[in-house]
Amino acid sequence: MGLTIAEKIFAAHLRDEPFPGTQVLALDAVFCHEITTPLAIADLQWRGKDRVFDPDRIKAVIDHVTPAKDSQTAQQGKILREWARRHGIRDFYDIGRNGVCHALFPEQGHVRPGMTIIMGDSHTCTHGAFGAFAAGVGTTDLEVGILKGVCAFRPPVSIRVDLTGTLPPGVYAKDVILQLIGRLGVDGATDRILEFRGPVVDAFSMEARMTLCNMAVEAGATCGICLPDEVTLEYLWPFIVADYAHRAEALADYHRWHSDPDSPYERVLELDVSGLEPTVTWGYKPDQVRPVGEMAGTPVDQVYIGTCTNGRLEDLRAAADILRNRRVADTVRGIVSPATPGVYRRALDEGIIAVFLDAGFCVTNPTCGACLGMSNGVLAEGEVCAATSNRNFPGRMGRGGMVHLMSPATAAATAVTGRISDPRDFLPLLEGRKK
Amino acid sequence: MNDSVYGGPALFLDRSDINTDEIIPARYLTSVTRDALRPHLLEDLDLPGFSRDDPAFGMARVIVARRNFGCGSSREHAPWALEVNGIRTVVAESFARIFRQNMFNGGMLAVELPAGDIDRLFALAGQGAVEIRADLDRAEMVARGAGEHLVLPFTVDPFARALVRAGGWVNFADERY
C-alpha cells in the first residue's frame, strides 16, 4: 500500500509516538501573530522558560489589529515585537511590512512543499496549497512548538477531493470550496485531511489553491493539501533558485511528496465544476450555501473584500474587472483590504486601487480587521455584510451582524447593486450571455 | 476529592456546531490575561432556553452539547473562558479537532459520547437539574437527575489521558522532549 502526501510528510517528520494513535512531529516552521502568541509568551516567562527552539524557524507578524486600535491591542503588538527582538527572530513583520499572515508568509517564501507548520490560527491550513502539512492549533500547542519545535497529531487520514471539468467564467475557487463545504458539512472532514486533486486544481494558480485550502477547516479538516507541481515551483522559484541546479531538479524533489497511486483514502469525493454557479452562504454556518440566483436581491449594508481567503492580487483583479467604470450603490459601504503590502503595491501599479477608489470603495491597509469583528469595518446590530472572508458565524463581524460569504467577483457585483448579485451579469465578456 | 473525577452541575446547550466565536467573541481576545475573559463566556450564544442570567449558568461545572462543539477559530481563549468560570468538562457527541486538543492540552476533559447517550442526558435534563461526574480512572460518567441516574461509559485516548494526568501538554512535552 502506498502513502498519501500527508503520510509521507508525517513519516519524514516523526519524532515520537508516545502512544498508539499519537504522532509527535518535528516542525519546520512555527508562525505567530499578536492575538494568540502573547499568552504563550507570558506562560513561558512564568515557567522560567522564555526560549525559542530555533529563531530562524519562527516567523511572526502583527496582523489581526494593525495599526493598533487601542491600548490593549497596542500592548499585544508590543509583547510580540519585544519577544521577536529578544530572541533574534529576523522574520518579524511589523507596520509597513505586515499583512494578513496566510497571505504574507507564502509571499515571503516561508512555505515549501513537504514542510510541517503550525500557527495559533485556524486558517493555517491555507499553506497546504504548497504541499505542506500546515495546521491551526491553540496557544498551548503553539507554546510547545515555540519551545520544543514539536506538535502532536493523530496519524493522517485523508479524503481525496477530485475536482473535474472546467470552471465556467464568473465562477472561482471560492465557489468551489463553498460548494464542497456544503456537501461535506461543517464537521464532515473533522480529523481528516482534504487532498485536492484533479485537472481543476492543476489549472489553479497558487492564489486559487490557497483560497481552496484556506477554508478546509470550515469542513472541520486538519489541513487542505495540494500536490506540489510546476505552478508551485514557478511561485517559489525566486526563493529556491540558489537551492537547485535547475527547475527540473526542484520539480523532481517536489514530486517525491506526491501521493502514491495506490495510497489509501477514507473516501473519494468527486465534484464536476463545469455546472457550478457562483455560490453564496445564506445562514450562519459556512456549509449553508446556495447558488447566487437563489440569494439575489438580498440587500446588504457593507461589502468587504480582502482577508486570508480572498485578499490576494488575483482576487482584487476579479473584483476590479466588475467595478471598473461603475460605482458602489448609495446604500452600501465598500471596503477593500489588500492582504499584504506586496499585493497593495502591485494593485497600485496595475491601476486596481484606482478602480476601487473611483468606484467609491474605502481602501484600508492590510489587516485581518473586520473579518473577525476587530476593526476597520465592524458591523452594527442588524447589519448585513457581503464578504470574501471565510466565516459567517453569528456576530462574527460585529454583534448582531450577518455575513454572506462569496467570491470577490460576487462581492463586487453586490457592491454595485447594493443587493446580492450575480457577477456574470457584470463581466465584460459575459454580459447578456448568462445561461 | 479524587482528582481523576471531573464534574458538577451541568449546563445543557441543545445545539450542534457551537463555535468558539459564540463561546468567547473575538472582541475580547485583546486581553492578555485569562481572568479578563470571565464575564464574557457564551456572550454571543443565541439559543432558545439559554440565558446568562439563569442561576444554572453561574453554577455550571459541566457543559453538555450536541455535535462539533468548539468549531471555528483556534482560540484557546474558548476553553480558558470555560475554565475561569469553573467549567473543566465538556460532554458532546463530537468536537472540533483544535478545540478538543486545546481542552486536553490545558488538562481539561472533553468527553465524546454516542448520540444515543447524549439524547438520554438531554432527556434527563428535561426533568430538572442534572449533576454529572466523570471519572477518568474508571472511564465512567454518572449523571444524577430528578429521581434517576445514568451511568455512561466513555473512552478517552491514552494521549489525552496522559495530558490530563500531566496537567497539560507543556508539562508533558517539557519532560519528554
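Residues numbered from 1 in each chain as written. Chains lettered and ligands numbered in written order. Predicted model: local features only at pLDDT ≥ 70, side-chain atom pairs only at ≥ 80, totals over all residues.

*Asks:* I'd love a proper account of the overall build of chain A, names of residues and values included.
*Replies:* A tally of regular secondary structure across chain A gives 16 helices and 19 strands. Taken over the C-alpha trace, chain A has a radius of gyration of 21 Å; the compact-globule value for 435 residues is 22 Å, and the two agree within 12%. Based on the C-alpha atoms only, the size of chain A along its principal axes is roughly 60 × 55 × 40 Å. Every one of the 435 residues in chain A was classed for burial, and the buried ones make up 59%. (Helix = DSSP H or I, 4+ residues; strand = E, 2+ residues; numbered from the N terminus. Rg over C-alpha atoms; globule rule 2.2 N^0.38 Å. Buried ≥ 20, exposed ≤ 12 C-beta atoms within 10 Å, placed from the backbone.)

*Asks:* Break down the interface of chain B and chain A for me, citing the residues and quoting the values.
*Replies:* Taken together, the 39 residues of chain B in the interface contact 44 residues of chain A. When residues of the side of chain B that touches chain A are traced back to their parent elements, those giving at least two are helix H1 (20-23), helix H4 (97-105), helix H6 (158-166) and helix H7 (169-176) of chain B. At five residues, the largest contribution of residues to the side of chain B that touches chain A is made by H4 of chain B. Taken together, the residues of the side of chain B that touches chain A sort by class into 14 nonpolar, 13 polar and twelve charged. (Contact = placed C-beta atoms within 7 Å. Nonpolar A, V, L, I, M, F, W, Y, C, P; charged D, E, K, R; others polar.)

*Asks:* Quick rundown of the sheet that holds strand S1 (residues 5-13) of chain B? Include the residues and the values.
*Replies:* Residues and elements named next belong to chain B. Ordered in space as S4-S3-S2-S1-S5-S6-S7, the seven strands form an open sheet in which the pairing is mixed. Here the strands that pair on one side only, and so sit at the sheet edges, are strand S4 (109-112) and strand S7 (149-153). Averaged over all pairs of adjacent strands, the angle between strand axes in this sheet comes to 25 degrees, irrespective of strand direction. Judged from the four bridges that link them, S1 and strand S2 (residues 62-65) form a sheet pairing that is parallel. In the sheet register, Leu13 faces S2, and the bridge partner there is Ala65. (Pairing = 2+ DSSP bridges. Axes fitted to C-alpha atoms, helices over the stretch in contact; angles between N-to-C directions.)

*Asks:* How would you summarise the sheet that holds strand S7 (residues 133-136) of chain A if you had to cite specific residues and measurements?
*Replies:* Residues and elements named next belong to chain A. The strand order across the open sheet formed by five strands is S5-S4-S3-S6-S7, and the pairing between neighbours is parallel. On the outer flanks of this sheet lie strand S5 (92-93) and S7, each paired with one strand and no other. Looking at chain direction, strand S6 (residues 116-119) and S7 are connected through four bridges and run parallel. In the sheet register, Thr116 faces S7, and the bridge partner there is Phe133.

*Asks:* Describe the pairing of S4 of chain B, and please don't skip the residues or the numbers.
*Replies:* All names here are of chain B. When strand S3 (residues 89-92) meets S4, the two strands line up parallel, connected through four bridges. Note on S4: the bridge partner recorded for Val91 is Val111. Running through H4, the crossover from S3 to the neighbouring parallel element S4 is right-handed. (Right-handed = clockwise from strand over helix to strand, strands pointing away.)

*Asks:* Describe unusual backbone geometry, and please don't skip the residues or the numbers.
*Replies:* The omega angle of the peptide bond from Thr66 of chain A to Pro67 of chain A is -10 degrees, so this bond is cis rather than trans. Assignment of secondary structure puts Pro67 of chain A in the loop between strand S4 (58-61) and helix H3 (71-86). The phi dihedral of Leu42 of chain B is positive, around 60 degrees, even though this residue is not glycine. If you trace the backbone, Leu42 of chain B turns up in the loop between H1 and helix H2 (55-59). Owing to 23 C-beta atoms within 10 Å, Leu42 of chain B belongs among the buried residues under this scheme.

*Asks:* Quick rundown of the domain arrangement of chain A? Include the residues and the values.
*Replies:* Residues and elements named next belong to chain A. What the domain assignment reports for chain A is domain 1 (5-9 + 14-153), domain 2 (158-273) and domain 3 (280-425). For domain 1 and domain 2, the distance between their C-alpha centroids amounts to 23 Å. Each partner contributes to the interface: domain 1 provides 22 residues, whereas domain 2 provides 26 residues. Those elements that place two or more of their residues in the side of domain 1 that touches domain 2 are helix H1 (5-13), helix H4 (101-107) and S7. (Domains from an automatic or database assignment.)

*Asks:* Which residues make up H3 of chain A, and what values go with them?
*Replies:* The end-to-end C-alpha distance of H3 of chain A, which contains 16 residues, comes to 22 Å, matching closely the 22 Å that a straight helix rising 1.5 Å per residue would cover. Where H3 of chain A is buried, its residues touch strand S3 (29-33), helix H2 (37-46), S4 and S5 of chain A. (Expected span 1.5 Å × (residues − 1).)

*Asks:* Can you tell me about the nonpolar core, naming the residues and giving the values?
*Replies:* Across soluble globular proteins, nonpolar side chains have a tendency to be buried as a group. Counting 203 residues, the largest nonpolar core has Ile117, Ala216, Ala319 and Phe356 of chain A as the members making the most contacts within it. Leaving out residues up to four positions away in the same chain, Ile117 of chain A has contacts with Leu27, Asp28, Ala29, Phe31, Val111, Thr124, His127, Ala132 and Ala134 of chain A. (Core = buried A, V, L, I, M, F, W, Y, C linked by C-beta atoms within 7 Å.)

*Asks:* Outline H2 of chain A, supporting the account with residue identities and numerical values.
*Replies:* Residues and elements named next belong to chain A. Among the residues of H2, those classed as buried are Thr37, Pro38, Leu39, Ala40 and Ile41. Contact partners of the buried residues in H2: S3, H3 and helix H5 (139-148). Downstream of H2 by one or two residues, Gly48 has phi in the positive range, about 70 degrees.

*Asks:* Break down the pairing of strand S9 (residues 158-164) of chain A for me, citing the residues and quoting the values.
*Replies:* All names here are of chain A. Of all seven residues in S9, five are buried, a share of seventy percent or more. Two elements, S9 and strand S10 (residues 193-197), share five bridges in a ladder whose sense is parallel. From the neighbouring strand, Val161 faces S10, where its bridge partner is Phe196. This β-α-β element, S9 to helix H6 (residues 173-184) to S10, shows right-handed connectivity. Relative to strand S12 (residues 267-272), S9 runs parallel, the two being bridged by six bridges. Bridge pairing in S12 links Leu163 to Leu271.

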